[in-house]
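# Structural overview for review
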Amino acid sequence: TEKDLHCMGCGVVLQTENPNEIGYTPKSALEKEVVICQRCFRVKHYNEIQDVSLTDDDFLKILNGIGQTDGLIVKVVDIFDFNGSWLPGLHRFVGHNNVLLVGNKADLLPKSVKHSKVINWMKKSAKDLGLKPMDVFLMSAHKGQGIKEIAEAIEHYRFGKDVYVVGCTNVGKSTFINAIIKEVSGEKDVITTSQYPGTTLDMIDIPLDNGASLYDTPGIINHHQMAHYVDKRDLKLISPKKEIKPKIYQLNEEQTLYFGGLARLDYISGGRRSFTCYISNEINIHRTKLEKADELYRNQVGELLQPPRKNQLDEFPELVAHEFAIKHAKTDIVFSGLGWVTLNEPGAKIVAHAPKGVGVFIRESLI
Ligand code: GDP
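Residues numbered from 1 in each chain as written. Predicted model: local features only at pLDDT ≥ 70, side-chain atom pairs only at ≥ 80, totals over all residues.

Across its full length, the protein chain carries eight helices and 16 strands. For the protein chain, contacts bridging at least 24 residues in sequence account for 71% of all contacts bridging at least 6. (Helix = DSSP H or I, 4+ residues; strand = E, 2+ residues; numbered from the N terminus. Contact = placed C-beta atoms within 7 Å.)

The following block contains the structure:
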(Lines give C-alpha, C1' and ligand atoms only; values in the text may rest on other atoms or scores of the structure.)
Protein backbone atom coordinates (compact mmCIF):
# COMPACT_ATOMS: atom_id res chain seq x y z
CA THR A 1 0.00 0.00 0.00
CA GLU A 2 1.01 3.57 -0.60
CA LYS A 3 2.44 5.37 2.39
CA ASP A 4 0.34 8.27 3.71
CA LEU A 5 1.61 11.70 2.85
CA HIS A 6 1.92 14.05 5.82
CA CYS A 7 1.63 17.81 5.88
CA MET A 8 5.05 19.37 6.39
CA GLY A 9 3.43 22.11 8.42
CA CYS A 10 1.46 20.27 11.08
CA GLY A 11 2.12 16.57 10.43
CA VAL A 12 -1.49 15.58 9.74
CA VAL A 13 -2.17 12.89 7.11
CA LEU A 14 -3.04 14.64 3.84
CA GLN A 15 -6.25 13.94 1.90
CA THR A 16 -7.67 15.48 -1.24
CA GLU A 17 -11.31 14.41 -0.88
CA ASN A 18 -13.02 16.53 1.74
CA PRO A 19 -12.21 20.24 2.09
CA ASN A 20 -14.02 20.36 5.44
CA GLU A 21 -11.97 17.64 7.12
CA ILE A 22 -8.49 18.03 8.51
CA GLY A 23 -5.57 17.33 6.22
CA TYR A 24 -7.31 18.57 3.08
CA THR A 25 -5.11 19.81 0.30
CA PRO A 26 -6.02 20.35 -3.35
CA LYS A 27 -4.70 17.65 -5.72
CA SER A 28 -2.58 20.19 -7.55
CA ALA A 29 -0.66 20.97 -4.35
CA LEU A 30 0.57 17.37 -4.08
CA GLU A 31 3.05 17.99 -6.88
CA LYS A 32 4.90 20.60 -4.88
CA GLU A 33 8.14 19.68 -3.18
CA VAL A 34 6.94 20.79 0.26
CA VAL A 35 3.27 19.90 0.61
CA ILE A 36 1.22 21.53 3.33
CA CYS A 37 -2.46 21.17 4.14
CA GLN A 38 -4.91 23.92 3.35
CA ARG A 39 -5.20 24.82 7.00
CA CYS A 40 -1.44 25.41 7.32
CA PHE A 41 -1.49 27.25 4.01
CA ARG A 42 -4.04 29.68 5.38
CA VAL A 43 -2.18 30.14 8.65
CA LYS A 44 1.02 30.80 6.76
CA HIS A 45 -0.25 33.12 4.07
CA TYR A 46 -3.32 34.77 5.54
CA ASN A 47 -2.62 34.42 9.27
CA GLU A 48 -6.02 32.80 9.50
CA ILE A 49 -6.90 29.74 11.55
CA GLN A 50 -9.53 27.05 11.01
CA ASP A 51 -10.87 25.18 13.99
CA VAL A 52 -10.09 21.48 14.08
CA SER A 53 -12.08 18.68 15.53
CA LEU A 54 -9.45 16.68 17.40
CA THR A 55 -10.45 16.03 20.98
CA ASP A 56 -8.25 16.13 24.08
CA ASP A 57 -8.55 12.33 24.08
CA ASP A 58 -6.94 12.12 20.63
CA PHE A 59 -4.03 14.20 21.85
CA LEU A 60 -3.62 12.15 25.00
CA LYS A 61 -3.67 8.91 23.05
CA ILE A 62 -0.76 10.05 20.92
CA LEU A 63 1.15 11.21 23.97
CA ASN A 64 0.46 8.04 25.93
CA GLY A 65 2.29 6.19 23.18
CA ILE A 66 5.44 8.03 24.10
CA GLY A 67 5.44 6.43 27.54
CA GLN A 68 5.76 3.03 25.89
CA THR A 69 8.83 4.01 23.90
CA ASP A 70 12.45 4.61 24.78
CA GLY A 71 13.85 8.06 24.14
CA LEU A 72 14.58 11.54 25.43
CA ILE A 73 11.67 13.84 26.20
CA VAL A 74 12.16 17.56 25.70
CA LYS A 75 9.42 19.40 27.51
CA VAL A 76 8.85 23.00 26.44
CA VAL A 77 7.07 25.49 28.67
CA ASP A 78 6.29 29.17 28.30
CA ILE A 79 8.13 30.90 31.14
CA PHE A 80 5.71 33.75 30.90
CA ASP A 81 2.95 31.26 31.63
CA PHE A 82 4.86 28.54 33.47
CA ASN A 83 2.01 26.97 35.39
CA GLY A 84 -0.55 27.65 32.68
CA SER A 85 1.60 25.84 30.14
CA TRP A 86 2.65 22.98 32.41
CA LEU A 87 1.32 19.60 31.36
CA PRO A 88 -0.14 18.37 34.64
CA GLY A 89 -0.33 14.71 33.57
CA LEU A 90 3.12 14.56 31.99
CA HIS A 91 4.55 11.97 34.39
CA ARG A 92 1.86 9.55 33.20
CA PHE A 93 3.35 9.31 29.73
CA VAL A 94 7.01 10.02 30.51
CA GLY A 95 7.59 6.45 31.68
CA HIS A 96 11.26 5.85 32.43
CA ASN A 97 12.50 8.31 29.83
CA ASN A 98 14.86 11.16 30.62
CA VAL A 99 13.43 14.68 30.46
CA LEU A 100 14.98 18.01 29.55
CA LEU A 101 12.93 21.02 30.61
CA VAL A 102 13.13 24.06 28.35
CA GLY A 103 11.59 27.43 29.22
CA ASN A 104 10.75 29.47 26.12
CA LYS A 105 10.12 33.19 25.45
CA ALA A 106 13.03 34.42 27.56
CA ASP A 107 13.10 37.50 25.32
CA LEU A 108 9.94 38.74 27.07
CA LEU A 109 11.60 38.93 30.46
CA PRO A 110 12.74 42.39 31.47
CA LYS A 111 16.52 42.77 31.31
CA SER A 112 16.62 43.02 35.10
CA VAL A 113 15.60 39.37 35.45
CA LYS A 114 18.62 37.11 35.92
CA HIS A 115 18.41 33.96 33.81
CA SER A 116 20.11 31.88 36.50
CA LYS A 117 17.35 32.87 38.89
CA VAL A 118 14.63 31.85 36.45
CA ILE A 119 16.37 28.51 35.86
CA ASN A 120 16.58 27.88 39.61
CA TRP A 121 12.95 28.77 39.97
CA MET A 122 12.04 26.40 37.12
CA LYS A 123 14.02 23.59 38.79
CA LYS A 124 12.25 24.12 42.07
CA SER A 125 8.81 24.41 40.46
CA ALA A 126 9.38 21.27 38.38
CA LYS A 127 10.30 19.38 41.55
CA ASP A 128 7.21 20.69 43.36
CA LEU A 129 5.13 19.50 40.39
CA GLY A 130 6.65 16.03 40.54
CA LEU A 131 9.01 16.16 37.53
CA LYS A 132 12.75 15.57 37.79
CA PRO A 133 14.40 16.81 34.60
CA MET A 134 18.04 15.91 33.81
CA ASP A 135 18.67 19.57 33.07
CA VAL A 136 16.82 22.88 32.68
CA PHE A 137 17.34 25.53 29.98
CA LEU A 138 16.06 28.95 29.01
CA MET A 139 15.70 30.00 25.39
CA SER A 140 14.11 32.36 22.97
CA ALA A 141 13.07 30.13 20.09
CA HIS A 142 11.90 33.26 18.30
CA LYS A 143 15.31 34.95 18.46
CA GLY A 144 17.32 31.75 18.28
CA GLN A 145 18.84 32.34 21.72
CA GLY A 146 19.95 29.28 23.67
CA ILE A 147 19.22 26.90 20.79
CA LYS A 148 22.79 25.74 20.23
CA GLU A 149 23.25 24.85 23.89
CA ILE A 150 19.96 22.93 23.90
CA ALA A 151 20.80 21.10 20.66
CA GLU A 152 24.05 20.00 22.31
CA ALA A 153 22.25 18.88 25.46
CA ILE A 154 19.78 16.87 23.37
CA GLU A 155 22.65 15.16 21.61
CA HIS A 156 24.32 14.49 24.98
CA TYR A 157 21.27 13.10 26.79
CA ARG A 158 19.56 11.13 24.03
CA PHE A 159 22.27 8.41 23.95
CA GLY A 160 21.47 7.72 20.31
CA LYS A 161 17.74 7.32 20.95
CA ASP A 162 14.69 9.14 19.59
CA VAL A 163 13.73 12.58 20.85
CA TYR A 164 10.15 13.66 21.63
CA VAL A 165 9.38 17.34 21.93
CA VAL A 166 6.25 17.88 24.03
CA GLY A 167 4.45 20.92 25.34
CA CYS A 168 1.00 22.40 25.42
CA THR A 169 -0.19 24.61 22.59
CA ASN A 170 1.26 28.06 22.17
CA VAL A 171 4.46 27.50 24.15
CA GLY A 172 6.47 27.95 20.94
CA LYS A 173 7.16 24.30 20.26
CA SER A 174 6.98 24.65 16.48
CA THR A 175 9.17 27.74 16.55
CA PHE A 176 11.64 25.77 18.66
CA ILE A 177 11.66 22.80 16.26
CA ASN A 178 12.22 25.13 13.34
CA ALA A 179 15.11 26.70 15.22
CA ILE A 180 16.58 23.27 16.00
CA ILE A 181 16.28 22.21 12.35
CA LYS A 182 17.97 25.43 11.33
CA GLU A 183 20.70 24.82 13.88
CA VAL A 184 21.44 21.31 12.65
CA SER A 185 20.65 21.57 8.94
CA GLY A 186 20.42 25.20 7.89
CA GLU A 187 16.83 24.83 6.59
CA LYS A 188 14.33 27.52 7.52
CA ASP A 189 10.66 27.50 8.59
CA VAL A 190 9.68 23.96 7.71
CA ILE A 191 6.94 23.80 10.32
CA THR A 192 3.88 25.97 10.63
CA THR A 193 4.00 28.38 13.53
CA SER A 194 1.24 30.74 14.42
CA GLN A 195 0.11 32.79 17.32
CA TYR A 196 -3.06 30.72 17.47
CA PRO A 197 -3.07 27.78 19.86
CA GLY A 198 -3.36 24.31 18.41
CA THR A 199 -1.51 24.41 15.11
CA THR A 200 0.46 21.17 15.32
CA LEU A 201 -1.85 18.20 14.80
CA ASP A 202 0.05 14.98 14.55
CA MET A 203 3.54 13.65 15.18
CA ILE A 204 6.14 15.15 12.90
CA ASP A 205 9.15 12.94 12.30
CA ILE A 206 12.47 14.67 11.76
CA PRO A 207 15.28 12.22 10.98
CA LEU A 208 18.46 12.50 13.05
CA ASP A 209 21.81 11.36 11.71
CA ASN A 210 22.02 7.86 13.25
CA GLY A 211 18.62 6.59 12.11
CA ALA A 212 16.84 7.92 15.21
CA SER A 213 14.21 10.64 14.92
CA LEU A 214 13.15 13.85 16.56
CA TYR A 215 9.36 13.91 16.95
CA ASP A 216 7.27 17.02 17.26
CA THR A 217 4.20 15.87 19.16
CA PRO A 218 0.89 17.69 19.00
CA GLY A 219 0.41 20.51 21.42
CA ILE A 220 -1.99 19.68 24.21
CA ILE A 221 -4.72 22.17 24.76
CA ASN A 222 -4.54 23.24 28.38
CA HIS A 223 -7.82 24.89 29.19
CA HIS A 224 -6.27 26.85 32.05
CA GLN A 225 -4.45 29.05 29.58
CA MET A 226 -5.73 32.59 29.28
CA ALA A 227 -5.16 32.26 25.52
CA HIS A 228 -8.30 30.15 25.17
CA TYR A 229 -10.54 32.85 26.54
CA VAL A 230 -9.56 35.81 24.43
CA ASP A 231 -10.57 36.56 20.87
CA LYS A 232 -8.03 35.31 18.33
CA ARG A 233 -7.38 38.89 17.29
CA ASP A 234 -6.50 39.81 20.89
CA LEU A 235 -3.93 37.06 21.33
CA LYS A 236 -1.34 39.49 20.02
CA LEU A 237 -2.12 41.77 22.93
CA ILE A 238 -1.69 39.23 25.69
CA SER A 239 1.21 37.33 24.11
CA PRO A 240 3.73 40.09 23.66
CA LYS A 241 6.57 39.98 21.16
CA LYS A 242 8.82 42.43 22.97
CA GLU A 243 10.53 42.70 26.33
CA ILE A 244 8.00 43.64 28.97
CA LYS A 245 8.36 47.11 30.46
CA PRO A 246 7.28 46.99 34.08
CA LYS A 247 4.74 49.62 35.18
CA ILE A 248 4.73 50.82 38.78
CA TYR A 249 1.58 51.92 40.61
CA GLN A 250 1.47 53.49 44.07
CA LEU A 251 -1.77 52.25 45.59
CA ASN A 252 -3.66 53.19 48.71
CA GLU A 253 -5.77 50.63 50.51
CA GLU A 254 -9.11 49.91 48.82
CA GLN A 255 -7.88 50.65 45.33
CA THR A 256 -8.22 48.33 42.35
CA LEU A 257 -6.24 47.74 39.17
CA TYR A 258 -7.92 46.31 36.07
CA PHE A 259 -5.79 44.62 33.40
CA GLY A 260 -8.00 45.31 30.44
CA GLY A 261 -11.11 43.34 31.38
CA LEU A 262 -9.14 40.11 31.75
CA ALA A 263 -8.08 40.35 35.36
CA ARG A 264 -8.30 42.55 38.40
CA LEU A 265 -6.28 43.14 41.55
CA ASP A 266 -7.90 44.59 44.68
CA TYR A 267 -5.61 46.04 47.28
CA ILE A 268 -7.45 45.49 50.57
CA SER A 269 -5.05 46.48 53.32
CA GLY A 270 -1.39 47.07 54.18
CA GLY A 271 -0.78 50.84 53.87
CA ARG A 272 0.30 52.82 50.83
CA ARG A 273 2.75 50.80 48.76
CA SER A 274 3.97 50.16 45.24
CA PHE A 275 2.82 47.45 42.84
CA THR A 276 5.09 46.62 39.91
CA CYS A 277 3.12 45.17 37.00
CA TYR A 278 4.80 42.84 34.50
CA ILE A 279 1.98 42.60 31.99
CA SER A 280 2.08 42.80 28.18
CA ASN A 281 2.76 46.41 27.16
CA GLU A 282 -0.36 46.33 24.99
CA ILE A 283 -2.81 45.73 27.85
CA ASN A 284 -4.26 48.86 29.41
CA ILE A 285 -4.07 49.06 33.17
CA HIS A 286 -6.92 50.97 34.74
CA ARG A 287 -6.94 52.18 38.35
CA THR A 288 -10.13 52.74 40.29
CA LYS A 289 -11.58 52.72 43.81
CA LEU A 290 -12.44 49.29 45.17
CA GLU A 291 -15.99 50.40 46.03
CA LYS A 292 -16.54 51.40 42.38
CA ALA A 293 -14.79 48.41 40.81
CA ASP A 294 -17.79 46.08 40.36
CA GLU A 295 -19.93 48.77 38.81
CA LEU A 296 -17.12 49.85 36.50
CA TYR A 297 -16.77 46.28 35.24
CA ARG A 298 -20.52 45.92 34.65
CA ASN A 299 -20.60 49.13 32.63
CA GLN A 300 -17.25 49.07 30.89
CA VAL A 301 -16.19 45.48 30.18
CA GLY A 302 -15.70 45.23 26.44
CA GLU A 303 -15.36 49.03 26.24
CA LEU A 304 -12.86 50.82 28.46
CA LEU A 305 -11.90 47.46 29.94
CA GLN A 306 -10.87 45.26 27.02
CA PRO A 307 -10.05 42.63 25.92
CA PRO A 308 -12.51 40.81 26.01
CA ARG A 309 -14.33 42.34 23.06
CA LYS A 310 -17.94 43.38 23.38
CA ASN A 311 -19.25 40.77 20.93
CA GLN A 312 -17.45 38.07 22.88
CA LEU A 313 -18.85 38.74 26.35
CA ASP A 314 -21.34 35.87 26.18
CA GLU A 315 -18.55 33.29 26.07
CA PHE A 316 -16.09 35.09 28.31
CA PRO A 317 -15.94 33.42 31.75
CA GLU A 318 -16.86 35.44 34.82
CA LEU A 319 -14.00 36.75 36.95
CA VAL A 320 -13.40 34.66 40.07
CA ALA A 321 -11.81 36.09 43.25
CA HIS A 322 -8.70 34.57 44.88
CA GLU A 323 -7.60 35.91 48.26
CA PHE A 324 -3.97 36.23 49.31
CA ALA A 325 -2.25 37.38 52.48
CA ILE A 326 1.27 38.39 51.45
CA LYS A 327 3.62 37.21 54.18
CA HIS A 328 7.04 37.50 52.53
CA ALA A 329 9.02 40.37 51.06
CA LYS A 330 9.31 40.23 47.24
CA THR A 331 6.28 38.21 46.26
CA ASP A 332 4.78 37.87 42.76
CA ILE A 333 1.05 37.50 42.23
CA VAL A 334 0.86 35.59 38.96
CA PHE A 335 -2.08 35.64 36.55
CA SER A 336 -1.51 32.59 34.35
CA GLY A 337 -0.80 33.65 30.79
CA LEU A 338 -1.16 37.34 31.46
CA GLY A 339 1.78 38.25 33.67
CA TRP A 340 2.42 39.11 37.29
CA VAL A 341 2.51 41.89 39.88
CA THR A 342 5.40 42.20 42.34
CA LEU A 343 5.06 43.40 45.93
CA ASN A 344 8.29 44.32 47.69
CA GLU A 345 7.04 44.41 51.27
CA PRO A 346 5.10 41.78 53.24
CA GLY A 347 1.88 42.42 55.14
CA ALA A 348 -0.61 43.09 52.36
CA LYS A 349 -4.05 41.64 51.80
CA ILE A 350 -4.92 41.17 48.14
CA VAL A 351 -7.84 39.82 46.19
CA ALA A 352 -6.89 38.81 42.65
CA HIS A 353 -9.61 38.11 40.07
CA ALA A 354 -9.16 36.05 36.92
CA PRO A 355 -11.53 34.38 34.44
CA LYS A 356 -12.99 31.17 35.86
CA GLY A 357 -10.56 28.35 35.03
CA VAL A 358 -7.47 30.57 34.73
CA GLY A 359 -4.95 30.09 37.53
CA VAL A 360 -3.82 32.77 39.97
CA PHE A 361 -1.05 32.04 42.46
CA ILE A 362 1.79 33.61 44.40
CA ARG A 363 5.47 32.83 44.22
CA GLU A 364 8.78 34.20 45.45
CA SER A 365 9.64 37.11 43.17
CA LEU A 366 11.67 36.38 40.05
CA ILE A 367 13.41 39.75 40.35
P1 GDP B 1 3.20 25.87 19.46
O2 GDP B 1 1.71 25.91 19.48
O3 GDP B 1 3.74 25.45 20.78
O4 GDP B 1 3.78 25.07 18.34
O5 GDP B 1 3.68 27.39 19.32
P6 GDP B 1 4.21 28.25 18.07
O7 GDP B 1 5.61 27.90 17.72
O8 GDP B 1 3.19 28.23 16.98
O9 GDP B 1 4.25 29.69 18.78
C10 GDP B 1 3.15 30.23 19.47
C11 GDP B 1 3.29 31.74 19.60
O12 GDP B 1 4.39 32.07 20.45
C13 GDP B 1 3.58 32.45 18.27
O14 GDP B 1 2.91 33.71 18.31
C15 GDP B 1 5.07 32.66 18.30
O16 GDP B 1 5.48 33.75 17.51
C17 GDP B 1 5.30 32.92 19.76
N18 GDP B 1 6.67 32.54 20.14
C19 GDP B 1 7.30 31.37 19.89
N20 GDP B 1 8.55 31.40 20.40
C21 GDP B 1 8.71 32.62 20.98
C22 GDP B 1 9.79 33.26 21.68
O23 GDP B 1 10.90 32.73 21.87
N24 GDP B 1 9.54 34.52 22.15
C25 GDP B 1 8.36 35.16 21.95
N26 GDP B 1 8.21 36.39 22.45
N27 GDP B 1 7.32 34.59 21.31
C28 GDP B 1 7.50 33.34 20.82
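This next bit is on the environment of leucine 100. Checked against the element boundaries, leucine 100 lands in strand E2 (residues 98-104). It is 14 Å that separates the C-alpha atoms of leucine 100 and tryptophan 86, two residues lying 14 residues apart in sequence. Apart from the residues lying within four places of it in its own chain, the contact partners of leucine 100 are Leu72, Val74, Pro133, Met134, Asp135, Phe137, Ala153, Ile154 and Tyr157.

So, about the sheet that holds strand E10 (residues 273-279). Taking strand neighbours across the sheet as the criterion, the five strands line up as E7-E10-E14-E13-E16 in an open arrangement whose pairing is antiparallel. Every interior strand has two partners, whereas the edge strands, strand E7 (247-251) and strand E16 (360-364), have only one. Going across the sheet, the axis of each strand differs from the next one's by a mean of 25°, ignoring polarity. (Pairing = 2+ DSSP bridges. Axes fitted to C-alpha atoms, helices over the stretch in contact; angles between N-to-C directions.)

Attention shifts here to helix H8 (residues 290-300). H8 sits mainly on the outside: one of its 11 residues count as buried. Just beyond H8, the residue with positive phi is glycine 302, at close to 90°. (Buried ≥ 20, exposed ≤ 12 C-beta atoms within 10 Å, placed from the backbone.)

What follows covers unusual backbone geometry. Only a minority of non-glycine residues have a phi that is not negative, and only a minority of peptide bonds are not trans. Look at the link from glutamine 306 to proline 307: it is a cis peptide, with omega at 0°. Tracing the sequence through the fold places proline 307 in the loop between H8 and strand E12 (319-326). That bond from proline 307 to proline 308 is cis: its omega, 5°, falls within 30 degrees of zero. You can see proline 308 is positioned in the loop between H8 and E12. Although it is not a glycine, lysine 105 sits at a positive phi angle of roughly 75°. Locating lysine 105 in the fold gives a position in the loop between E2 and helix H4 (115-128). What makes lysine 105 buried here is the crowd of 25 C-beta atoms within 10 Å. A positive phi angle, close to 65°, is found at glutamate 254, a residue other than glycine. Mapping glutamate 254 onto the fold places it in the loop between E7 and strand E8 (255-259).

Before going further, it helps to spend a moment on the sheet that holds E12. An order of E11-E8-E9-E15-E12 is seen for the five strands of this open sheet, with the pairing classed as antiparallel. Two strands in the sheet have a free side with no partner beyond their single neighbour: strand E11 (285-289) and E12. The mean angle between the axes of side-by-side strands here comes to 20°, regardless of whether they run parallel or antiparallel. Of the pairings in the sheet, the one linking strand E9 (residues 263-269) to strand E15 (residues 348-355) comprises five bridges and is antiparallel in character. Bridging across to E15, leucine 265 finds its partner in alanine 352. Sitting on the sheet, H8 touches E8, E9 and E11, and the angle it makes with E11 is about 125°.

As a further point, take the nonpolar core. Counting residues in hydrophobic clusters, the biggest one holds 43 residues, and the most contacted among them are Val74 and Val165. Of the residues forming this core, the biggest block, five residues, is contributed by strand E1 (residues 71-78). Setting aside residues no more than four positions away along its own chain, valine 74 makes contact with Leu100, Val102, Ile154, Val163, Tyr164 and Val165. If you look at the next biggest cluster of nonpolar residues, it comprises 34 residues, including Ala227, Leu262, Ile333 and Leu343. (Core = buried A, V, L, I, M, F, W, Y, C linked by C-beta atoms within 7 Å.)

This brings us to H4. Because an α-helix packs 3.6 residues into every turn, residues spaced three or four apart end up facing the same way. Its 14 residues place the ends of H4 20 Å apart at the C-alpha level, agreeing with the 20 Å of an ideal helix rising 1.5 Å per residue. Directly beyond the C-terminal end of H4, a positive phi value near 90° is found at glycine 130. (Expected span 1.5 Å × (residues − 1).)

From the geometry alone we can't say anything about function, so treat these as descriptive.
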